[in-house]
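# Architecture at a glance
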Amino acid sequence: MEPGLHELLRSLRVWDPAVTTLPPFEPDTAPALPLPLFARWLAEAAAAGQPDPHTMSLATADAEGLPDARIVTLHGADDSGWSFATHAHSRKGGQLAARPYAALVFYWQVLGRQVRVRGPVEVAPAEEAQADLHARSTGALAAALTGSQSRVLGSAEELARASEEAWERARREPGTPVPSWTLYHLRPDEVEFFQGDTRRRHVRLRYRRGAAAGEWIRESLWP
């Protein structure tokens, strides 16, 4: 192990009370569906000062089944599922084309909370993807127009030129379509809510789909 790394890791603590509050969570009072609880927890994380509470880990697998993960932004959550976007030709786009199943993790340190979501992923209609893109910032459009995501970069100068051109076009033509931009909906099979506890009696509530349409089964899990 790198000298000093072990000592550093041993010195670090989780949920410093100076910056983290661990609220109680009673699963018996949770709603029948996972989405209302997720919306409430997201709002509470934002109100508590959690930086970027709408960011999440997205885990996928390639054609050989090897796992991959990265941080992305949540674009929405409704009856269609939890939504995110990327280029179809990106690494995660290719992985989702080969294996259209994924997992998400939200971590809100200020409240000691996690939410885990997993299920099949569907591609949204192209017009929905373009509407989602153009509802975002000029910078988001410029990044999408820069293109070539996940491909080998020849030099920093090459990126700078492409980025400048993309920014100019995004400002000049804010409705410019980006055909490769793809919106994905993850329709969850399972959603788990985790609330940390100072005595390590963490509370875990899992929702999983039942056999009937719209049915969710709630069950508590050992921490």
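Heads up: the structure comes first, above all this text.
Bear in mind that the values here come from a model prediction, so they are computed numbers and not experimental data.

About the cut-offs
- Residues numbered from 1 in each chain as written.
- Predicted model: local features only at pLDDT ≥ 70, side-chain atom pairs only at ≥ 80, totals over all residues.
- Heavy atoms only, no water.
- Helix = DSSP H or I, 4+ residues; strand = E, 2+ residues; numbered from the N terminus.
- Buried < 20%, exposed > 50% of the residue type's maximum accessible area, 1.4 Å probe, protein only.
- Contact = heavy atoms within 4.5 Å.
- Lys, Arg positive; Asp, Glu negative; His and termini not counted.
- Charge placed at Lys NZ, Arg CZ, Asp CG, Glu CD.
- Patch = residues over 30% accessible without salt bridge, like charges linked within 9 Å, V, L, I, M, F, W, Y side chains within 5 Å.
- Areas by Shrake-Rupley, 256 points an atom, 1.4 Å probe, with all protein chains shown as cover.
- Salt bridge = Lys/Arg side-chain N within 4 Å of Asp/Glu carboxyl O.
- Pairing = 2+ DSSP bridges.
- Core = buried A, V, L, I, M, F, W, Y, C linked by side-chain atoms within 4.5 Å.
- Phe/Tyr/Trp six-rings, centres within 6.5 Å; stacked < 30°, edge-to-face > 60°.

### Quick word on the overall build of the protein chain
Within the protein chain, the secondary structure is distributed over six helices and 10 strands. Based on the C-alpha atoms only, the size of the protein chain along its principal axes is roughly 55 × 55 × 40 Å. When each of the 223 residues of the protein chain is scored for burial, the buried share is 35%. When contacts within the protein chain are restricted to residue pairs at least 6 apart in sequence, long-range pairs at least 24 apart make up 66% of them. Averaged over its 25 positive side-chain charges, the protein chain has a centre that lies 5 Å from the centre of its 28 negative ones.

### A word on the side chain of Thr-176
As for its placement among the helices and strands, Thr-176 is situated in the loop between helix 6 (156-172) and strand 7 (181-186). Residue class for Thr-176 comes out buried when judged on its relative accessible area of 3%. Beyond its immediate sequence surroundings of up to four residues, Thr-176 is in contact with His-134, Leu-141, Leu-145 and Arg-169.

### Details of a nonpolar patch on the surface
Together, Leu-5, Leu-8, Leu-9 and Leu-12 make up an exposed nonpolar region whose accessible area comes to about 360 Å². For Leu-12, the location among the structural elements is in the loop between helix 1 (5-11) and helix 2 (34-47).

### Some words on helix 5 (residues 138-146)
All buried positions along helix 5 are accounted for by Ala-140, Leu-141, Ala-142 and Ala-144. Of the surrounding elements, those touching the buried residues of helix 5 are strand 4 (81-87), helix 4 (126-134), helix 6 and strand 7. Gly-147 occupies a position one or two residues after helix 5 and carries a positive phi of about 65 degrees.

### Some thoughts on the pairing of strand 10 (residues 216-221)
In this structure, strand 9 (residues 203-209) lies alongside strand 10, joined through six bridges in antiparallel fashion. Residue pairing across strands places Arg-206 opposite Glu-219, the latter belonging to strand 10. Where strand 9 hands over to strand 10, the hairpin turn is made up of six residues, of which Gly-214 adopts a positive phi near 80 degrees.

### As for the environment of Arg-40
Its place among the elements puts Arg-40 in helix 2. The sequence separation of Arg-40 and Leu-5 amounts to 35 residues, and the corresponding C-alpha distance is 38 Å.

### Some thoughts on the pattern of salt bridges
One pass over the structure, following the stated rule, counts 11 salt bridges. Residue Arg-91 pairs with Asp-68 through a salt bridge whose shortest N-O separation is 3.1 Å. Within this pair, whereas Arg-91 is found in helix 3 (residues 91-98), its partner Asp-68 is found in strand 2 (residues 67-73), the two being separated by 23 residues in sequence. The class of Arg-91 is exposed, set by a relative accessible area of 56%. Notably, a salt bridge pairs Glu-173 with Arg-172, separated by 3.4 Å at the nearest N-O pair.

### Looking at the nonpolar core
Ranked by internal contacts, the top residues of the largest apolar core, which has 27 residues, are Phe-84, Phe-106, Val-115 and Phe-193. Among the nonpolar cores identified, the runner-up in size contains 12 residues, and Ala-124, Ala-144, Val-178 and Leu-183 belong to it.

### Overview of the packing of aromatic side chains
Under the definition given, this model contains eight aromatic pairs. Both rings, one in Trp-41 and one in Phe-193, keep their centres 5.3 Å apart while their planes meet at 85 degrees; by these two values the pair is edge-to-face. Of the two residues, Trp-41 is situated in helix 2 and Phe-193 in strand 8 (residues 190-195); the sequence distance between them amounts to 152 residues. By relative accessible area, Trp-41 is classed as buried at 0%.

### Focus: unusual backbone geometry
The phi dihedral of Ser-150 is positive, around 75 degrees, even though this residue is not glycine. Among the secondary structure elements, Ser-150 is positioned in the loop between helix 5 and helix 6. Its relative accessible area of 52% is what places Ser-150 among the exposed residues. If you check the backbone angles, Arg-200 has positive phi at about 65 degrees while not being a glycine. Counting through the fold element by element, Arg-200 comes out in the loop between strand 8 and strand 9.

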